[in-house]
Every structure is written in C-alpha cells, then in structure tokens.
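Letter by letter, the chains look like this.
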Amino acid sequence: MKLTIIGGGSTYTPEIVDGLVRLRRQLDITELALQDVSADRLAVLAAMSRRMLAAGDHLATVSTHTDIASAADGADIVLVQLRVGGQAARLQDETLPLQCDCLGQETTGAGGLAKALRTVPVMLQVAKEVRAVNPTAWLIDFTNPVGIVTRALLEAGHERVVGLCSAAVVFQQHFAKVLDVAPQRITLDHVGLNHLTWERRVLLDGTDVLPQLLAEHGDRVARATGLPTELVRRLGTVPSYYLHYYYAHDEVVAEQKTHGVRAQEVMEIESQLLAQYADEQVTGKPDLLSRRGGAYYSQAALDLMASLRRGDSRVHVLNVRNSSALPFLPPDAVVEVAATITPDGAVAQPVEPVEPLIAGLIAHVTAYEQLALEAAVHGGRKRVFRALLAHPLIGQHAIADRLTDLLIAGNREHLPWA
Ligand code: G6P
C-alpha cells in the first residue's frame, strides 16, 4: 500500500518511519510518498527516511513531491502533519496573548485560535486537492488544532476523515509503566475534546484500577497532568496536561512571563534534529526526538493505519463527529472519544454520562470551537472577536478586542481576508 505524508518535511517524519520499521509485518507499505512545500526539508527527510528503512530491512520506496496531486495519487492513506507559518508563527501564538495576561499556548486559548485561523483554509485546500485525484483514501489529520481542523474537513463534506492525537496513547503507556504491566492490557475511558480530555477509568484487563492508581501512585499520575497530586485525587479523574492551562491559568501565565515559552525550546530541538537527519551516519530515530510532545505518536498512528487497512473493528481514541455520544453537544461537534472504523468513517462509541464538572467545560469549549471555525472559514474581525469572547480563558470584552487586533496584525500574511 501507499502511504502519503503531507508535511513530510516535518521533523516528526522519522517518528512515523520508525513505526513503519517496527511494524513492518503488520502493515504492507510499499511506497512512502513525502510531500512538503520546502524542497530542501523534503530532501533531508527523504534521505533520512531511506536510511532508516534500509537499516530496518524495510523494502518500501520513498518518493518526494512538492505538489499534492502526485503525492496523493493512488495513496491508501494520507496523513497530514503540517504547520502553517512554521515555528515562528507558533512563537507568536505563545507570546502575543501574554501581553493581555492570557495564556500563551499553541492550541489552547488565543494562540490556538490564531493557529486555527491560519491552518483551516490550508487544510481545506489540501483536502480538496487530495480528493480531486483520490476520492477514497483515508485522511488522517495530525495537524493542530486537531478538533477544529477535523470538524472543518467533515463540515466541508469530506468523509473517511479521522483526527488523531497521541494524548490517550501517552497516558496508556504512562499508566502501564506505573503499574508495570504491558500497555495492551490497559484501556481508557477517555472523554472530551482534543486537548481537553479526562481519563475517567483506567481498565486493567477490564477492571477499573484508577482508584488504586490515585491512592498508591498519586504523585506519578499527577506529574503527567501538570497539576497537584491532591487536586487530581479530589477530582477522581486524570485530566490531560492541557487542563492545567485552565485549572492553573494564572500560575502558568506568570511562569511563562518569567521562564519563556515552549516554542523557543522546540526551535532549538528542531535545528539539532535537522542537523542529525542531514548526517549520513545517522540511520535511526535520534533520542532527541523524544523531547518533542508528539514523540510517540507513531504508536497511535500505526495502530490506526493497521485498522483502516484491515477494516477491523478495533477501538481507537479518535477525533470524530459527536453524533449522539455526548448528548449535551450538537451532533456535528467533533469529540475525542473511543471510536470504531466503518467503511464510511470513524464512529464514536457510546459514552457513559458525563458529570457537570466536566460537561460544562466541554460544552463551553465546543461553542468556542464552532465560532473559531466560522472565523477561520469566513474571516472577519467580528468573527474573531466572537470566538475570543466565547473562550472560557478570555471572556472579557476589552481583552477580546485587544487580542483580536493583535492576532489579526500578527497573522496578516497567512490570512487571505485580513
Ligand atoms: C502533544 C500533543 C500535540 C502537540 C505536542 C506539542 O503530543 O498531543 O498535539 O503538538 O504535544 O509538542 P511540542 O514538542 O511541539 O511542544
């Protein structure tokens, strides 16, 4: 089968290639097509991918493309992992909101809105070009903000689209390590929106061990959330790391103002990674890649690809259309829950009723995501303002007005309507 990666010049590509090598018996990839707007990055990542495949006795060929049509033609799966504006735009997403004492983060809050405004129009164009040559390939979106982007693609009428995030797999592995068991024995009751999720139960061979995890290993569990152990115990659920941007917003902002933001670290990691990828002696995934947040995303991606390929009924945590899974949300919202694959698309599994403490925030952020999508698709200052006003981390009109101007001015080159 042919696997296409749009944004193949990303420093994450060796993560996927590493997965292809590890799982070469489960997934019959014969061609890896890398597409990127940067021919230079493409050349470096293609050469690195070829060395990794050869070192792992994988027979797949690697082709390179700067256009989407030739890359997607004949592909069975098209994975999209692009970053409009690169790390420079991310740095801005993480710093502009700090001017208003708001969180500086690339997917959450005002920074996430800026990213959505830049990314959604590009993703819609990518999907259109893919579909023009290939109406049936599965589209996997790993491009942030995953929830809003997936909703944009589904609302534009694209089927066989799934949004993927590594959050659940990372927790599954973390809990397995804490309990000293194989990760496959653990399934999660994972609910929410992308980057706004809670683990409500941790099932070890079908039995919920979360109470035991919190009682006996509270510190290790809480460390992965960025929140105090005592709070996580009181909640009785394990919130994603992104929830600490809500539950400890002011503390995080104070720290960002004094300690700098993540984009600066990532820029440094990326330049070192690119130097390693350009070194012909390097034939395996560098350890340095484990310092990126999506370091283990190939686990989730490859598992999913195997199911898409086989059409099996295995359950994956995915970003999919809500339908009736969370009855307090509109059916066309995109939620991050356990889902199964059908020939037409991924379908959310039924979800146990959600308690108000969680449901309130999910509903609030869903409304923001709907307004963010409207702003990204149709443009206009008024729509950007409404999305910011609706966001639970912003919400005040004077701040929303000021941020609207900052975001539009800072992203003008990426916003066709500005
Ligand atoms: C996690 C999230 C991704 C996000 C990444 C950030 O993996 O699921 O959506 O992009 O962290 O990692 P970074 O190394 O870019 O800060």
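All of the points below concern the structure found in this document. (Residues numbered from 1 in each chain as written. Predicted model: local features only at pLDDT ≥ 70, side-chain atom pairs only at ≥ 80, totals over all residues. Heavy atoms only, no water.)

For the bond running from Asn144 to Pro145, omega is -10 degrees, close enough to zero to count as cis. With respect to the helices and strands, the residue Pro145 is situated in the loop between strand E5 (138–141) and helix H6 (146–155). Although it is not a glycine, Asp57 sits at a positive phi angle of roughly 55 degrees. Among the secondary structure elements, Asp57 is positioned in the loop between helix H2 (39–55) and strand E3 (61–65). Accessibility expressed as a relative area gives 61% for Asp57, which makes it exposed. You will see that Asp180, though not glycine, has its phi angle at about 60 degrees, which is positive. Relative to the elements of secondary structure, Asp180 occurs in the loop between helix H7 (167–179) and strand E7 (186–193). (Helix = DSSP H or I, 4+ residues; strand = E, 2+ residues; numbered from the N terminus. Buried < 20%, exposed > 50% of the residue type's maximum accessible area, 1.4 Å probe, protein only.)

According to the stated counting rule, one finds 23 salt bridges in the structure shown. Put simply, Asp28 and Arg309 hold a salt bridge, and the shortest N to O gap is 2.9 Å. Residue Asp28 is found in the loop between helix H1 (13–22) and strand E2 (31–35), and its partner Arg309 is found in helix H13 (residues 297–310); the two are separated by 281 residues along the sequence. Classification of Asp28 as partly exposed rests on a relative accessible area of 39%. Salt-bridge contacts for Asp189 lead to Arg201; the nearest nitrogen and oxygen are separated by 3.2 Å. With Asp189 in strand E7 and Arg201 in strand E8 (residues 196–204), this residue pair connects regions lying twelve residues apart in the sequence. (Salt bridge = Lys/Arg side-chain N within 4 Å of Asp/Glu carboxyl O.)

As a packed pair, H7 and helix H8 (residues 210–223) sit with axes 11 Å apart at the nearest point and diverge in direction by 110 degrees. Judged by the angle between their axes, H7 and H8 are roughly perpendicular. Together, His174, Phe175, Lys177, Val178 and Leu179 of H7 and Gln212, Leu213, His217, Arg220 and Val221 of H8 make up the contact between the two elements. Residue composition of the contact of H7 with H8, grouped by class: five nonpolar, three polar and two charged. (Axes fitted to C-alpha atoms, helices over the stretch in contact; angles between N-to-C directions. Parallel < 35°, antiparallel > 145°, perpendicular 65-115°, else oblique. Contact = heavy atoms within 4.5 Å. Nonpolar A, V, L, I, M, F, W, Y, C, P; charged D, E, K, R; others polar.)

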